Amino acid sequence: MKRITSLTTATAVLAAAALLSACQQQEAGPAVSTGSATSGSSSDASQSSDSPSTSASTSTSEQPSSGGTGPEAGALSNSGGWYAEGSRVTFVYNNGIRYTVDTGAPVTDLHHTKSRTAKGSLTLTATQATWVAASGTPSTVNSKGAGVIADRSGVIGVLPDGSVTCANKKGLQFVGSDGAKGAASTSGLFYVDKSGKRTIAGKPPQGAKLAGRYVVCNVGDTSTVDLNADVLFAFGSAKLTASGKQVVDQTAATIKAHVTGKTVAVVGNTDSKGSTAFNLKLGKQRADAVAAELRAKLPGVDLKVTSNGESKPIAANTTADGADNPAGRAKNRRVSISWGNK
């Protein structure tokens, strides 16, 4: 097993794991979703358009806001971080997991906030976001996308190198940053070889491209496969490439035993360059293409196909000074396939 080098995070994981029994007794908590930790350099056409929501309550801020609170406001990097929309704060981890909580009060400053409501307490600094629910369960994320999530279904600790430790109904698990510590059907990265005809989990061979990530070592009672859109599709296209078709076919074979009788969500996500309308359309077209291939390989599977467009990023689409961020946008171009574990 790979040695855990981050003492602070490892300690937090162990402390949070002790809360597992209590977490499982709580009502359904904050929303957990996933997105791939992929990279690339090409670009789709879309534009940022997350819409804020508000919730009436009370909070205090250490000092006035220095700017916006959305994904491009400076607390979300290529590795992870956090952003706010009204009273909802989204923690983004370097393995692609997004964890959203409703704090009960509008958040106006991403770096200098301390607030307490009936739902829990929130602390935002220049380097870390911390949420402690009213039940006492803690969740944190830092500017490197490392931290801890705890809810009723389990506890997960994400380290700076992308390795993951989790405690859930299946017990304790550890997944190395290269995915080699867990089978592809359990958790970890997977790749398509340079011929585009074979997928590989764990350490990639020379010339291979990152195709996506299986994310089941998480909370929320949900398993997810995130596929890199830059492998699935050519620039601006919604037609599966030969490599993309192979990746989806392999994914179908891997998840077949786990999705029988369940509804499987297929969701398209894009970067933030261009119009919101185009983005939503392209995300849906790409999700439709993946869904059509899944149906061919998994006859009778119940699929729910939607698009987030650019509204659910896992990396910053622009840099802090407003310049284009190709690496961040590449991470946001993905198609997610997910299903419940119950």
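Criteria and thresholds
Residues numbered from 1 in each chain as written. Predicted model: local features only at pLDDT ≥ 70, side-chain atom pairs only at ≥ 80, totals over all residues. Heavy atoms only, no water. Buried < 20%, exposed > 50% of the residue type's maximum accessible area, 1.4 Å probe, protein only. Helix = DSSP H or I, 4+ residues; strand = E, 2+ residues; numbered from the N terminus. Pairing = 2+ DSSP bridges. Polar contact = N/O pair within 3.5 Å; in protein donor to acceptor, adjacent residues only side chain to side chain. pLDDT = per-residue confidence, 0-100. Contact = heavy atoms within 4.5 Å. Expected span 1.5 Å × (residues − 1). Bend = angle between axes of the 7 residues up to and from the residue. Core = buried A, V, L, I, M, F, W, Y, C linked by side-chain atoms within 4.5 Å. Axes fitted to C-alpha atoms, helices over the stretch in contact; angles between N-to-C directions. Parallel < 35°, antiparallel > 145°, perpendicular 65-115°, else oblique. Left-handed = near helix turned anticlockwise from the far one by under 90°. Nonpolar A, V, L, I, M, F, W, Y, C, P; charged D, E, K, R; others polar. Salt bridge = Lys/Arg side-chain N within 4 Å of Asp/Glu carboxyl O. Right-handed = clockwise from strand over helix to strand, strands pointing away.

Caption draft 1: Seen up close, the pairing of strand β11 (residues 154-158). Counting buried residues in β11 gives 5 out of 5 residues, a clear majority hidden from the surface. Of the two faces of β11, the one holding G154, I156 and V158 and the one holding V155 and G157 are both buried throughout. Here 5 bridges tie strand β10 (residues 147-151) to β11, and the two strands are oriented antiparallel to one another. Looking at β11, one finds that A150 is bridged to V155.

Caption draft 2: View of the environment of L227. Secondary-structure assignment places L227 in strand β17 (residues 222-228). When the C-alpha positions of L227 and F190 are compared, they lie 9.4 Å apart, and in sequence the two are 37 residues distant.

Caption draft 3: A look at the environment of R98. Turning to its location among the elements, R98 is positioned in strand β5 (residues 97-102). Residue class for R98 comes out buried when judged on its relative accessible area of 2%. Taking C-alpha positions, R98 is 8.7 Å from P313, a pair spaced 215 residues apart along the chain. A polar contact is formed between the side chain of R98 and the side chain of Y83, at a distance of 2.7 Å.

Caption draft 4: Representation of the side chain of S139 in the model. Positionally, S139 belongs in strand β9 (residues 138-142). With relative accessibility at 0%, the residue S139 sits in the buried group. Within polar-contact distance, the side chain of S139 engages the backbone nitrogen of A150 at 3.2 Å.

Caption draft 5: Quick look at the confidence of the model for the protein. A residue-level look at the protein finds 73% of positions with pLDDT of 70 or above and a mean pLDDT of 78. Across the protein, the secondary-structure element scoring lowest on mean pLDDT is strand β2 (residues 60-61), at 36, and the one scoring highest is strand β7 (residues 120-124), at 97. Low pLDDT, under 50, characterises residues 36-66; the predicted model gives this stretch 119 contacts beyond four residues in sequence or across chains.

Caption draft 6: Geometry of helix α4 (residues 242-259). Look at α4: 25 Å from first C-alpha to last across 18 residues, which is about the 26 Å you get at 1.5 Å a residue. Of all the bends in α4, the greatest, near 35 degrees, is centred on A253. Every buried residue belonging to α4 is among G244, Q246, V247, V248, D249, T251, A252, T254, I255 and V259, and all of these are buried. Immediately beyond the C-terminal end of α4, within one or two residues, lies G261, with a positive phi of roughly 80 degrees.

Caption draft 7: Here's a closer look at the side chain of S338. Locating S338 in the fold gives a position in strand β20 (residues 334-340). In this view, S338 contacts T222, S223, T224, T263, V264 and A265; residues no more than four positions away in its chain are not counted.

Caption draft 8: Quick look at the nonpolar core. Core analysis: the biggest nonpolar cluster contains 30 residues, and L232, V290, L294 and I337 have the highest contact counts within it. Beyond its immediate sequence surroundings of up to four residues, I337 is in contact with S223, T224, V225, L227, T251, I255, V264, A265, V290 and L294. Counting residues in hydrophobic clusters, the runner-up holds 23 residues, among them I97, I149, V158 and V215.

Caption draft 9: Quick look at the packing of α4 against helix α5 (residues 276-297). Put simply, α4 and α5 touch, their axes get as near as 9 Å, and they point 50 degrees apart. Classified by the angle between their axes, α4 and α5 sit oblique to one another. Crossing of α4 over α5 shows right-handed handedness. Facing K245, V248, D249 and A252 of α4, the residues of α5 in contact are V290, E293, L294 and K297. Among the residues making up the contact of α4 with α5, the classes are represented as 4 nonpolar, no polar and 4 charged.

Caption draft 10: Seen up close, the pattern of salt bridges. Scanning all chains against the criterion turns up 9 salt bridges. Here R198 and D193 are joined by a salt bridge, their closest N and O atoms 3.7 Å apart. For R333, the salt bridge identified is with D271, shortest N-O distance 2.9 Å. With a gap of 62 residues between them, R333 in the loop between α6 (326-332) and β20 and D271 in the loop between β18 (263-269) and α5 connect regions that are remote in the sequence. In this structure, R333 and D271 share a single accessibility class: buried. Here the residues in one salt-bridge network are D230, D271, D324, R329 and R333, joined through shared partners.

Caption draft 11: Structural context of the pairing of β18. Most of β18 is tucked away: 5 of the 7 residues are buried. Where β18 meets strand β19 (residues 302-309), 7 bridges bridge the pair, whose relative direction is parallel. The partner of T263 across the bridge, within β19, is D302. Running through α5, the crossover from β18 to the neighbouring parallel element β19 is right-handed.

Caption draft 12: How the structure looks around α5. Its 22 residues give α5 an end-to-end C-alpha distance of 32 Å, which sits within 8% of 32 Å, the value for a rise of 1.5 Å per residue. Inspection of α5 places N279, L282, G283, R286, A287, A289, V290, A291, E293 and L294 among the buried residues, and these make up the whole buried set. The secondary structure elements touched by the buried residues of α5 are α3 (229-232), α4, β18, β19 and β20.

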